[in-house]
2 protein chains.
Amino acid sequence: LPLRETELIARIRDQARKLRTKSLITGIGDDCAVLRLPRGHELLVTTDFSLEGVHFRREWHPADAVGHRCLTRGLSDIAAMGGEPVAAFLSLAIPADLPQDWIDDFFDGLLRLAKGHKVPLTGGDTAESRDGVLADIVVTGSAPRGKALRRSGARPGDQIYVTGELGGSAGVVRALFAGAEVSPKMKEARRHFYPEPRIEIGRRLSERGLATACIDISDGLSTDLGHICDESRVGAVVEEGRLPLSPLPALLGIGDQSVDLALNGGEDYELLFTARTKTKIPGRIAGMRVTRIGAIVKDKRRRMWIIDRRGEQTPLLPRGWEHFR
Amino acid sequence: LPLRETELIARIRDQARKLRTKSLITGIGDDCAVLRLPRGHELLVTTDFSLEGVHFRREWHPADAVGHRCLTRGLSDIAAMGGEPVAAFLSLAIPADLPQDWIDDFFDGLLRLAKGHKVPLTGGDTAESRDGVLADIVVTGSAPRGKALRRSGARPGDQIYVTGELGGSAGVVRALFAGAEVSPKMKEARRHFYPEPRIEIGRRLSERGLATACIDISDGLSTDLGHICDESRVGAVVEEGRLPLSPLPALLGIGDQSVDLALNGGEDYELLFTARTKTKIPGRIAGMRVTRIGAIVKDKRRRMWIIDRRGEQTPLLPRGWEHFR
C-alpha cells in the first residue's frame, strides 16, 4: 500500500475504536469484522455507491456533507426495513491529488452521523482512483425474525403514507444546475446536504406492526412507489393535493416545480409506506409528520395514477432521480 | 438509472435467484437483503476493492478471471477466519464503452465460483464510472460464537504453517510486466487467474481447534506474517529452506526470483497460520499440502527474521505486493 493509504487506514481504525458497541466483537484489524446480532434477529445488508459526478459534485457539496450523505444512503435502507443499524463498512478510492483536508472533512461528516446513530465503522478498503472520489458504503443491521418491512406486502385497499416533506433535496439540485448558489448552512437546505435517515420511524412502524410495505424515497416518489407496486403486484393512486410539498423549491425561486420535484425528485430519504385502512397511523411518528397521500388499488399491470387538484386522474410514470450529469 | 444499469441489475437478479440457500430470506429486490445466520454463530463481514489498473489489467486478465478473483478476495478473508460464507454483494462501476461481452464474462467467472461455494449473490449497486472498471465485493459469513480465527492469537513458541505453494501468482505478474505472454489456460497459472479460496481448510482449522492465529496471504508472506506479529505482539523466524516454493516462476524463466516471490509476492490466497508446538498438524488438510515454515518468538518490537540456506539469520521486512502500476 502507498503510505497515504496506510495512514488513512490507521486513521479510520483510530476513529472506529472510539465507538464500541455490544454487537462489535472484532473491528478493523483482522481479515473480517466479527459482529454479534441480537438473539432471534435476522441480518440486514445494504450497499450503496457514492460516486463523484454521479451522486455528488465536489464543487457543490462540502466534503463533510459527502461523508454524511454517503452513510445516510445505507442507514436509510436499514430504516426502510424497520431495522436497527449494527455496523458500517466504507470502501474509499481517492485520486492521488485529493487534498488531505477533504478526506478529513469527509470522515468528520460520516463519523458524526455514525456516532449519532451508534453505528461503528468496522471495516472497508482504500485505494487510489484514476479519476474522482468513489465511496461504497455497506451497512449491516438487524430486525427481529420475520419482522423486517418488505416492499412486497402492500394489498389493494391499503393507504399510502410518507414521512416529512418531499422535493426539497431535488429542488436544491435543480437550483444548483440552474447556476444558483445554495449554502449548505441554510437551515432548509440541510435536508439535501445532511439528510437524517428515518431509523426511529422505521423501527416504530415495524415494532408496532403498522406498515404492510415500506421503502425509502431515494430515487423519487414515482419510482420508489413503482417498486412497491412491482414487488406487491398492485397498482396505486396518489392525490396531488395531499402531497407534503417541501417549501424549499419556493424559497429557491422554483416553486412552480414543487409538485414535479415531490413526485420525481430523488434523495428525500423519507419513508414511503402502506398500511391497512383500519390501522390507525399517528399524524406524527418520532416527532416527524406523517401524511396520507393515496391508496393501493388492484391492478395486474401494476400501474400508478395521479389525481390532480381538479380531480383528473392521469397515469403516474416512474420518472425518478437522474444522476448528476 | 440508465437503461444499461437496469438491465445489469435485472441480470444479476435472475442469476442470483438461481442459487437459493437456507440462510437467504430476501435477496435482491428490497431495500436490504435479509439473511439468517446459524444459531449461535457470529457474523463475519469483509469488503475488498478490485480496481482496474490496481488489481487487474483488462489486457492481461480475461473478464471471467477478473470476476473470479474479485470474489476470491472476499471468500479468502472468510477462509482466514475459519468461517462459512453466507452471501456476497457486488458494487460495480463500469465505463460507458465497456463491451457487454466483458460484463457477461465477468459475471460468469464470479457466479461460477459463487456456485461452487454455495454463496448467493444477494445485492450490490451499479453505476457508470468515468475511468476503468471498479468492483467492490462484500462477503458475509458466519462462525460459531468465539471460534473465529484471529490474527492476534499467536504466542512465542508457536509453529508457523502455510498451505499450498507460494510465489506463483506474483510470478505471473512479474512475467507479464517483463513482457512475457502467460496464458490463463496454462494449468500452473490457474493459481494466479482463478485462485481457489481455502474455505474448507480454514473451516477445519477452526472446527478442530488447530490454529492459534490465521490470515490469508493476499499481500505477500512477509507483509501478512507482519500483521500476525503486530496483532499478536510477537516476533517470527522463517526458514528459507522450508518455504514451499511454487514451480511457476521457474516455468516462466524467472526461477532465480522464486524465494523473493514466495516471501514478498502477493495474491497467493493461501492460509498462513500458527499452532502450538504440541498440536499435531496433518501434512495435508482437505487435500492440500501444509508446510511448517518457522516459529513465533518473543519480541517486543514485533520483528521478523529469515534464516537462509547457509544458516544466516537476517531481518525479514514486510515487502509485500505492490499494486499493478
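Note that the coordinates shown come from a computational prediction; the quantities given were computed from them, not determined experimentally.

A. Structural view of the relation of the copies chain B and chain A. In the superposition of chain B on chain A (RMSD 0.0 Å, axial shift 0.0 Å), the rotation amounts to 180°. Viewed as a symmetry operation, the transformation between the two copies matches a two-fold axis. Residue Asp131 of chain B of chain B places its C-alpha closer to the rotation axis than any other residue of that unit, at 3.1 Å. Mapped onto chain A, 100% of the interface residues of chain B again fall at the interface, so both copies present the same surface.

B. Representation of the pattern of salt bridges within the structure. Residue and element names in this part refer to chain A. A complete count under the given rule lists 44 salt bridges over all chains for this structure. Between Asp48 and Arg73 there is a salt bridge whose closest N-O contact spans 3.8 Å. Highlighted residues: Asp48 in strand S3 (residues 41-51) and Arg73 in helix H2 (residues 63-80), separated in sequence by 25 residues. Residue classification places Asp48 among the buried positions, given a relative accessible area of 11%.

C. Summary view of the packing of H2 of chain A against helix H3 (residues 100-116) of chain A. Residues and elements named next belong to chain A. For the pair H2 and H3, the least separation of the axes is 6 Å and the interaxial angle reads 40°. By the angle between their directions, the pair H2 and H3 is classed as oblique. In the crossing of H2 with H3, the sense of the turn from one axis to the other is right-handed. The segment H2 lies against H3, with Ala63, Asp64, Val66, Gly67, His68, Cys70, Leu71, Thr72 and Leu75 engaging Trp102, Asp105, Phe106, Gly109, Leu110, Arg112, Leu113 and Ala114.

D. A look at the pairing of strand S6 (residues 134-144) of chain A. Residue and element names in this part refer to chain A. With 10 of 11 residues buried, S6 is to be regarded as a mostly interior element. Relative to S6, S3 runs antiparallel, the two being bridged by 11 bridges. Note on S6: the bridge partner recorded for Ser50 is Ala135. Bridge analysis of strand S4 (residues 84-94) against S6 gives nine bridges, and the strand direction is antiparallel. Counterpart to Ser91 in the pairing with S6 is Asp136.

E. The pairing of strand S7 (residues 159-163) of chain A, seen in detail. Residue and element names in this part refer to chain A. Of all the five residues making up S7, five are buried; the element is thus mostly covered by neighbouring parts of the structure. Burial along S7 is two-sided: the residues Gln159, Tyr161 and Thr163 and Ile160 and Val162 are all buried. For S7 and strand S10 (residues 271-275), the ladder comprises four bridges, and the chain directions are antiparallel. Opposite Val162, over in S10, you have Leu272 as the bridge partner. Sheet topology places S7 next to strand S12 (residues 288-297); five bridges connect them, and they run antiparallel.

About the criteria used
- Numbers given to residues run from 1 along each chain, matching the order in which its sequence is written.
- Here the convention is simple: chains get letters from A, ligands get numbers from 1, in the order in which they are written.
- Restriction of local features to residues with pLDDT of at least 70 applies here, the model being predicted, together with a cutoff of 80 or more for giving and counting side-chain atom pairs; totals for whole chains, interfaces and linings are based on all residues.
- As a rule here, side-chain values cover all heavy atoms of the structure and leave hydrogens and water aside.
- When the copies are superposed, the least-squares fit takes in the C-alpha atoms of residues with a pLDDT of at least 70 in both.
- Whether two residues touch is decided by their heavy atoms; if any such pair falls within 4.5 Å, the residues are in contact.
- For salt bridges, the criterion is a side-chain nitrogen of Lys or Arg within 4 Å of an Asp or Glu carboxyl oxygen.
- Only DSSP runs of H or I with at least four residues qualify as helices, and only runs of E with at least two residues qualify as strands; both kinds are numbered from the N terminus onward.
- Burial classes: relative accessible area under 20% of the type maximum marks a residue as buried, over 50% as exposed, and values in between as partly exposed (1.4 Å probe, protein chains only).
- Simply put, an axis is a line fit to the C-alpha atoms, just over the touching stretch for a helix, and the angle between two N-to-C directions goes from 0 to 180 degrees.
- Small angles under 35 degrees read as roughly parallel and large ones over 145 as roughly antiparallel, with 65 to 115 read as roughly perpendicular and the rest as oblique.
- Note: crossing handedness is left-handed where the near helix turns anticlockwise from the far helix by less than a right angle, and right-handed where it turns clockwise.
- The pairing criterion is simple: DSSP has to find at least two bridges between the two strands.

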